[in-house]
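# Structural description and commentary
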Amino acid sequence: DLWKLAMKQPVVGKAKKKKNQTTNIFGETIGRLHLEKQDIDNRSGKKSKALRLADKIEKAEEKAAVESELGREKEEMSNEFKQAYGFAPDNM
């Protein structure tokens, strides 16, 4: 009885395999991480100087286009007023 207890060796089970993890020929461990899908549309990263400059130029061009459109409309309204009433308005 005592002999059996003394000679008893612990049961060594197989090591549990790690999922999505491998070792390459250099001994480096390579694995795959599972993350939630990231919403890249709402993320804000650092803009480069060129992109900021391009945005600034685009806004300036858009503003100039709106100003020219307003000037043209004002001129057209002045011409219509002159045709209807026979004299040019002072300021509208």
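Data block above holds the structure.
Residues numbered from 1 in each chain as written. Predicted model: local features only at pLDDT ≥ 70, side-chain atom pairs only at ≥ 80, totals over all residues. Heavy atoms only, no water.

Under the defined criterion, the tally for this structure stands at two aromatic pairs. Geometrically, the ring pair formed by F81 and Y85 is tilted, given 4.7 Å between the ring centres and 50 degrees between the ring planes. Linking F81 with Y85, this pair stays in helix α2 (residues 49-85), spanning four residues, or about one helical turn. By relative accessible area, which is 56% here, Y85 ends up exposed. Here F81 and F87 contribute two aromatic rings whose centre-to-centre distance is 5.6 Å and whose plane-to-plane angle is 90 degrees, an arrangement assigned as edge-to-face. On the accessibility criterion, F81 (23% relative accessible area) is partly exposed. The partly exposed category is assigned to F87, whose relative accessible area is 49%. (Phe/Tyr/Trp six-rings, centres within 6.5 Å; stacked < 30°, edge-to-face > 60°. Helix = DSSP H or I, 4+ residues; strand = E, 2+ residues; numbered from the N terminus. Buried < 20%, exposed > 50% of the residue type's maximum accessible area, 1.4 Å probe, protein only.)

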